[in-house]
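Summary of structural features
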Number of protein chains: 2
Amino acid sequence: MTVSGSGPSATPTVRDVAEHAGVSPMTVSRTLSGGKNVRAEVQEKVWAAVEELGYHRNENARSIRPGHSSGLIGVAITNLGNPYYGQFALGVEEVASLHGRRIMLGNTGEQLARESQLVSDFIGRQVEGLIVVPTGEGAEHLTPGRLGSVPLVLASRTVEGLDADTVLLDDINGAYEATKALIDGGHTRIGFLGNVLSVSTARRRYEGFVRALHEAGLEPDPALIRRGQQDVAAARRAMEELLGLDDPPTAIFSANNRNTIGALQAIGTRQKDGPAIPAPTLVGFDDVELADMLQVPLIIVSHDPRQLGAQAARMLFDRLDDPEMDESPRLVELPVTVGTLRG
Amino acid sequence: MTVSGSGPSATPTVRDVAEHAGVSPMTVSRTLSGGKNVRAEVQEKVWAAVEELGYHRNENARSIRPGHSSGLIGVAITNLGNPYYGQFALGVEEVASLHGRRIMLGNTGEQLARESQLVSDFIGRQVEGLIVVPTGEGAEHLTPGRLGSVPLVLASRTVEGLDADTVLLDDINGAYEATKALIDGGHTRIGFLGNVLSVSTARRRYEGFVRALHEAGLEPDPALIRRGQQDVAAARRAMEELLGLDDPPTAIFSANNRNTIGALQAIGTRQKDGPAIPAPTLVGFDDVELADMLQVPLIIVSHDPRQLGAQAARMLFDRLDDPEMDESPRLVELPVTVGTLRG
DNA sequence: CTGTTAGCGCATTCAC
DNA sequence: GTGAATGCGCTAACAG
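Keep in mind the model is a prediction, meaning the values are calculated, not measured.

What follows is about the protein's contact with DNA strand D. Taken together, 24 residues sit near DNA strand D, with Thr27(A), Arg30(A), Arg39(A), Val14(B) and Tyr55(B) positioned nearest. Thr27(A) is positioned such that a nitrogen or oxygen atom in its side chain is 2.3 Å from a phosphate oxygen of DNA strand D. Arg30(A) is positioned such that a nitrogen or oxygen atom in its side chain is 2.6 Å from a base nitrogen of DNA strand D. Counting only elements with at least two residues in the surface near DNA strand D, the list comes to α2 (25–32) of chain A together with α1 (14–21), α2 (25–32) and α4 (59–63) of chain B. By residue number, the principal contributor to the surface near DNA strand D is α2(A), which donates three residues.

Quick look at the structure:
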């Protein structure tokens, strides 16, 4: 793709710098890596040549030498457009930066094929480790056989049939506590909005939801359960369905960010256009910016995605820094806080 | 950092695969790149060996060969934690993906030093092009001399003293129209919340703001101007100051996302705790999730950060696909929409 | 159809 | 202090 030829626009190499400075490539290399065993005046000449040519070391060439790693961590998230994952990536980046590594960030769009391709590409680019928020629909591309010696940390979600280092939220208890708060508030008709079931958080949060119901002698009502909403628009439609029922739920548990926002939009529309029915009490997993400003009864199961990312990165570097570490996968569950913002 | 030695855990190479399959490295290479001129049965053996060893091509090694590029685009944004830039990155990624490239995403945290280091690192990793949302505080690291032949596109902001391909929003007109809407609504005491002045959007949006005032025979009142807020917390404090004035503004122009959210929070707090003063009318640049759900008079200067990213990527690939292109930098201004959500 | 040679940019090893 | 030789993983180009 690039024109070769040693014209002036071609990327300069150590050799170009060496010629310019009137020394050997080796002297340039030495100067670049600290200048040990190079006379000060020679170093000056080298740096001048570097400056003039706009030379940058070729990190790819460096990384193919034996015993050297790329300094890259591959991070695969499901949706860059979701602020949640931006925060998550920021948490990973901060910790990686402390360990002198950069991140390569890729977006899977919740598609298994893209996740698989992304991971493969990351490995091809010699990442030292992988942090993946998996779609959950497949495990083969993440098995040790495929990854070779590249350590993997799963974040936020598990993958069935895959035993790897994992950091999760305390989904079950969070959902349980939040649902219990609704029940304690006198609600018995509680709706549920959730993600597709292939995503483990959807299953775990539903489990907590049901556990709280059972404990109160209640059964989940299938008519009030809507699952599979992956984006705000779908969530909004699902919520509109629930609100449109003859006997609508008096409270809703929303299992994530996207569903909560969709639900809030549906409530908002109804308050403006529809009959003046009191808005259902809403409990939502994940924080929502500005949630505390709304005129809707709202409880948030709160946590910091940045911490989730940071924890995933820490678990990865634990392994990278100590390859002799106990091989058995570790599972960490981060706590969540059930906070009443308005209610 | 990695243990060398040819133990089983070492990353397999073409040679390992070749041995395993009982062929030469060249045959493996050919098979991997499509299988032209390799007998079907030999290919089978090769693929089997690939599978068994968990072999992945070393893209770094491939990319150092003459005439081959890395397939990477370096993207530097200022704040991964801002959903705005997540959307932006998504737009870049989508277009890059169409052109068969991946993105390396880095976060500068609005710090010039990190931006400079990031760009340098990107080049060291042989990115084919750069897309940068600059802090605006320095230009040297982005000059052609430093970048060599790596094309650059600036997004969202300009850098003083740097002439490069740039995609901006129509900041001035957007701010002008929005402010005019306030003036047409009868407001004369209009506050301003903005970013630090080193950021060109802050300057441009202020310019549009002042232009609308002047056109109406008004002067900006220094007592109502607060600039330099980079995050939500600072924006909130600034807004609280304005609200606390003896003669507070009846309307506010907020120059971005972060400031709008901080302002909304300040208004919310005051409505709950303070005296029942009518909330000022707020005009905000950039979309805000859930903005339409609030009980606050709000006008949004709306645009899609994803489009901004996509446009930046398109401008980059224009150059990559046609290196002979007219060298003079291009400037694109994307339109914005002033929409009344509530008011 | 398949294998051998050679070289990409860099730095370790070994001479001088 | 400095330089020459060598090899990292990969694949054009050139035999066979």
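After presenting the structure, the write-up continues.
Attention shifts here to the packing of aromatic side chains. For the coordinates displayed, the defined rule picks out 14 aromatic pairs over all chains. An angle of 75° between the planes, with centres 5.2 Å apart, marks the rings of Tyr84(B) and Tyr85(B) as edge-to-face. In terms of burial, Tyr84(B) and Tyr85(B) fall into one category: buried. Three or more aromatic residues link up through ring pairs in this structure, and these residues are Phe192(A), Tyr206(A), Phe209(A) and Phe253(A). Here the guanidinium or amino end of Arg205(A) rests over the ring plane of Phe285(A), the centre of that ring lying 3.7 Å away.

Scanning the model with the defined rule gives 41 salt bridges over all chains in all. Here Glu289(A) makes a salt bridge to Arg258(B), at a shortest N to O gap of 3.4 Å. Taken together, the residues span two chains, with Glu289(A) in the loop between β9 (281–285) and β10 (298–302) and Arg258(B) in helix α11 (residues 257–273). Residue classification places Glu289(A) among the partly exposed positions, given a relative accessible area of 36%. Here Glu128(B) ties to Arg101(B) by a salt bridge, and the two come within 3.0 Å at their closest N and O atoms. Of this pair, Glu128(B) sits in the loop between α6 (112–124) and β3 (129–132) while Arg101(B) sits in the loop between α5 (83–98) and β2 (102–107), and the two are 27 residues apart along the sequence. Assigned by exposure class, Glu128(B) and Arg101(B) land together as buried.

A separate point is the nonpolar core. In this structure, Phe88(A), Ile131(A), Phe88(B) and Ile131(B) are the most contacted members of the largest nonpolar core, which totals 100 residues. Apart from residues no more than four positions distant in its own chain, Ile131(A) is found in contact with Ile73(A), Gly74(A), Val75(A), Ala76(A), Phe88(A), Val92(A), Val153(A), Ala155(A), Ala312(A), Ala313(A) and Leu316(A). Of all hydrophobic cores here, the second largest spans 42 residues; its members include Met293(A), Leu294(A), Ile252(B) and Leu298(B).

Copy one and copy two of the chain differ by a rotation about an axis and a translation along that axis. Expressed as a screw operation, the relation of chain A to chain B combines 0.0 Å of axial shift with a rotation of 180°, fitting to an RMSD of 0.1 Å. Expressed as a symmetry operation, the mapping of one chain copy onto the other fits a two-fold axis. Comparing interface residues between copies, 100% of those in chain A also lie at the interface in chain B; the contact surface is shared.

Our focus in this paragraph is the sheet that holds strand β5 (residues 165–169) of chain B. Residues and elements named next belong to chain B. Pairing within the open sheet is parallel, and its six strands lie in the order β2-β1-β3-β4-β5-β11. Every other strand in the sheet has two partners, leaving β2 and β11 (331–334) as the edge strands with one partner each. Between one strand axis and the next, the sheet turns through 15° on average, direction left out of account. Inspection of the sheet shows strand β1 (residues 72–77) paired to β3 by four bridges, in the parallel sense. Along β3, the bridge assignment pairs Ile73 with Gly129. Against the sheet, α5 touches β1, β2, β3, β4 (152–155) and β5, its axis set at about 160° to β2. Of the strands in this sheet, β1, β3, β4, β5 and β11 are in contact with helix α12 (residues 305–321), which crosses β5 at around 165°.

Turning next to the packing of helix α10 (residues 232–243) of chain A against helix α11 (residues 257–273) of chain A. Residue and element names in this part refer to chain A. Their axes nearest at 7 Å, the elements α10 and α11 cross at an angle of 50°. What the angle tells us is that α10 and α11 run oblique. Regarding α10 and α11, the two cross each other, and that crossing is right-handed. Mapping the contact onto sequence places Val232, Ala235, Arg236, Met239, Glu240 and Leu243 in α10 and Arg258, Asn259, Ile261, Gly262, Ala263, Gln265, Ala266, Ile267, Thr269 and Arg270 in α11.

All names here are of chain A. Read across the open sheet, the six strands follow the order β2-β1-β3-β4-β5-β11; overall the sheet is parallel. At either margin of the open sheet sits one strand with a lone partner, and together these are β2 (102–107) and β11 (331–334). On average, each strand axis in the sheet is inclined to that of its neighbour by 15°, with strand direction left out of account. Of the pairings in the sheet, the one linking strand β3 (residues 129–132) to strand β4 (residues 152–155) comprises three bridges and is parallel in character. Counterpart to Ile131 in the pairing with β4 is Val153.

With a phi close to 85°, Asp286(A) is a non-glycine residue in the positive phi region. You can call Asp286(A) buried: its relative accessible area is 5%.

Let us now look at helix α10 (residues 232–244) of chain B. At 3.6 residues per turn, the α-helix brings residues three or four places apart onto the same side. All names here are of chain B. With 13 residues, α10 extends 18 Å between its outermost C-alpha atoms, agreeing within 8% with the 18 Å of an ideal straight helix rising 1.5 Å per residue. Listing the buried residues of α10 in full gives Val232, Ala234, Ala235, Ala238, Met239, Leu242 and Leu243. Buried residues belonging to α10 abut β6 (190–194), β7 (225–227), β8 (251–254) and α11. Among the residues of α10, the N-terminal cap falls to Asp231, whose side-chain oxygen and the backbone nitrogen of Ala233 are separated by 3.2 Å.

With that settled, the discussion passes to the packing of α5(B) against α12(B). Residue and element names in this part refer to chain B. Running from N to C, α5 and α12 point in directions that differ by 40°, and their axes come no closer than 7 Å. For the element pair α5 and α12, the recorded crossing hand is right-handed. Along its contact with α5, which presents Tyr84, Gln87, Phe88, Leu90, Gly91, Val92, Glu94, Val95 and Ala96, the element α12 presents Pro305, Arg306, Leu308, Gly309, Ala310, Ala313, Arg314 and Phe317. Broken down by class, the residue content of the contact of α5 with α12 amounts to eleven nonpolar, three polar and three charged.

Rules and cut-offs
- The numbers attached to residues start from 1 for each chain and follow its sequence in the written order.
- Following the order in which they are written, the chains are lettered starting with A and the ligands numbered starting with 1.
- Thresholds applied to this predicted model are a pLDDT of at least 70 for local features of residues and 80 or more for the giving and counting of side-chain atom pairs; totals over whole chains, interfaces and linings are not thresholded and use all residues.
- To get the side-chain values, all heavy atoms of the structure are used, and hydrogens and water are removed first.
- Distances are taken per atom, and a residue is near a molecule or strand as soon as one of its heavy atoms is within 4 Å of it.
- Two N or O atoms form a polar contact when they lie within 3.5 Å of each other; inside protein one atom must be a possible hydrogen donor and the other a possible acceptor, and for residues adjacent in sequence the pair counts only when both atoms belong to side chains.
- Put simply, DSSP H or I for four residues or longer makes a helix, DSSP E for two residues or longer makes a strand, and each gets a number counted from the N terminus.
- The pairing test for Phe, Tyr and Trp rings, Trp by its six-membered ring, is centres within 6.5 Å, and the orientation test on the planes gives stacked under 30 degrees, edge-to-face over 60, and tilted for anything in between.
- Categorising residues by exposure relies on relative accessible area from a 1.4 Å probe, with only protein chains included: less than 20% of the type maximum marks a residue as buried, more than 50% marks it as exposed, and the intermediate range marks it as partly exposed.
- Any Lys NZ or Arg CZ that is within 6 Å of a ring centre and within 35 degrees of that ring's normal is treated as a charge sitting over the ring.
- When a carboxyl oxygen of Asp or Glu is within 4 Å of a side-chain nitrogen of Lys or Arg, the pair counts as a salt bridge.
- Take the buried residues of types Ala, Val, Leu, Ile, Met, Phe, Trp, Tyr and Cys, join any two whose side-chain atoms come within 4.5 Å, and each joined set is a nonpolar core.
- In what follows, residue pairs with any heavy atoms lying within 4.5 Å of each other are defined as contacts.
- A residue counts toward the fit only if its pLDDT is at least 70 in both copies, and the copies are then superposed by least squares on the C-alpha atoms of those residues.
- When DSSP finds two or more bridges between two strands, those strands count as paired.
- Fitting a line to C-alpha atoms yields each axis, with helices limited to the stretch in contact; the angle taken between N-to-C directions then spans 0 to 180 degrees.
- By definition in this entry, angles of less than 35 degrees are roughly parallel, angles greater than 145 are roughly antiparallel, angles of 65 to 115 are roughly perpendicular, and the rest are oblique.
- Note on convention: the crossing is left-handed when the near helix lies turned anticlockwise from the far helix by less than a right angle, right-handed when the turn is clockwise.
- Expected span, for any helix, means 1.5 Å times one less than how many residues it has.
- Ten residue types, Ala, Val, Leu, Ile, Met, Phe, Trp, Tyr, Cys and Pro, are classed as nonpolar, four, Asp, Glu, Lys and Arg, as charged, and the remainder, Gly among them, as polar.

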